[in-house]
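One letter stands for each residue in the lines below.
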Amino acid sequence: DTGVSQDPRHKITKRGQNVTFRCDPISEHNRLYWYRQTLGQGPEFLTYFQNEAQLEKSRLLSDRFSAERPKGSFSTLEIQRTEQGDSAMYLCASSPSGRPYEQYFGPGTRLTVT
Amino acid sequence: KQEVTQIPAALSVPEGENLVLNCSFTDSAIYNLQWFRQDPGKGLTSLLLIQSSQREQTSGRLNASLDKSSGRSTLYIAASQPGDSATYLCAVGGYQKVTFGTGTKLQVIP
């Protein structure tokens, strides 16, 4: 097992464009989490999935953000009509069944909106 | 709601010095506490994970302690090196969520 992977590692986009990030969790981990980290801050929780069900969304997740986890495997996070304030590091984590407090983090996707 | 505070926000030390980074949290009902390292523009590198039943963990020159009752953890770095320069994040694991502090930015001066 190679751990949680994220793609791309860095994305530069122009304001108003849509972007999509992908996260592949550790195999057999049933929970998957998305976090956002802005400059000078610690990561903040955005949303999480248990299998394919999205169980919680933070108020940080505006209507322009949507996350999916089809078939309970990989997940995608899409941001529509990007704004400069969306520039951040987007981190994904996964945890094994029965141990949601044991989260393993991916390397992150750094988004820059110009 | 869990709140995690890290002090100091920034620290500059000469090479070879021993140092301590502090983390405090408001809700002692935690499952674990983890220390991460983050280099500029990069993701998180896990350094040490302390389960709630443990008091400390050690890895090389790093030692992390946990006092759940007082809501505190410390990360001790022995014989600091310029390569230790990074931001160190404390993350408190609740049952379903991990709450991060804002980090301590460490600079080790050669």
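The rules behind the values
Residues numbered from 1 in each chain as written. Chains lettered and ligands numbered in written order. Predicted model: local features only at pLDDT ≥ 70, side-chain atom pairs only at ≥ 80, totals over all residues. Heavy atoms only, no water. Helix = DSSP H or I, 4+ residues; strand = E, 2+ residues; numbered from the N terminus. Buried < 20%, exposed > 50% of the residue type's maximum accessible area, 1.4 Å probe, protein only. Pairing = 2+ DSSP bridges. Axes fitted to C-alpha atoms, helices over the stretch in contact; angles between N-to-C directions.

K.L.:
Could you give an account of unusual backbone geometry, naming the residues involved and the relevant values?
P.N.:
All names here are of chain A. In this chain, D7 is followed by P8 through a cis amide linkage whose omega measures -5°. Relative to the assigned elements, P8 resides in the loop between β1 (5-7) and β2 (10-13). Despite not being glycine, N51 shows a phi value in the positive range, around 55°. Tracing the backbone shows N51 in the loop between β5 (44-50) and β6 (53-57). A relative accessible area of 32% places N51 in the partly exposed class. Despite not being glycine, R81 has its phi angle at roughly 50°, a positive value.

K.L.:
Run through the sheet that holds strand β6 (residues 56-59) of chain B, naming residues and quoting values.
P.N.:
Residue and element names in this part refer to chain B. Pairing within the open sheet is antiparallel, and its five strands lie in the order β1-β3-β8-β7-β6. Looking at strand neighbours, the two that pair on one side only are β1 (4-7) and β6, the edges of this open sheet. Strand after strand, the sheet turns through a mean of 15° between neighbouring axes, direction not considered. In this sheet, strand β7 (residues 62-67) lies alongside β6 in antiparallel orientation, the contact comprising four bridges. Looking at β7, one finds that T58 is bridged to N63.

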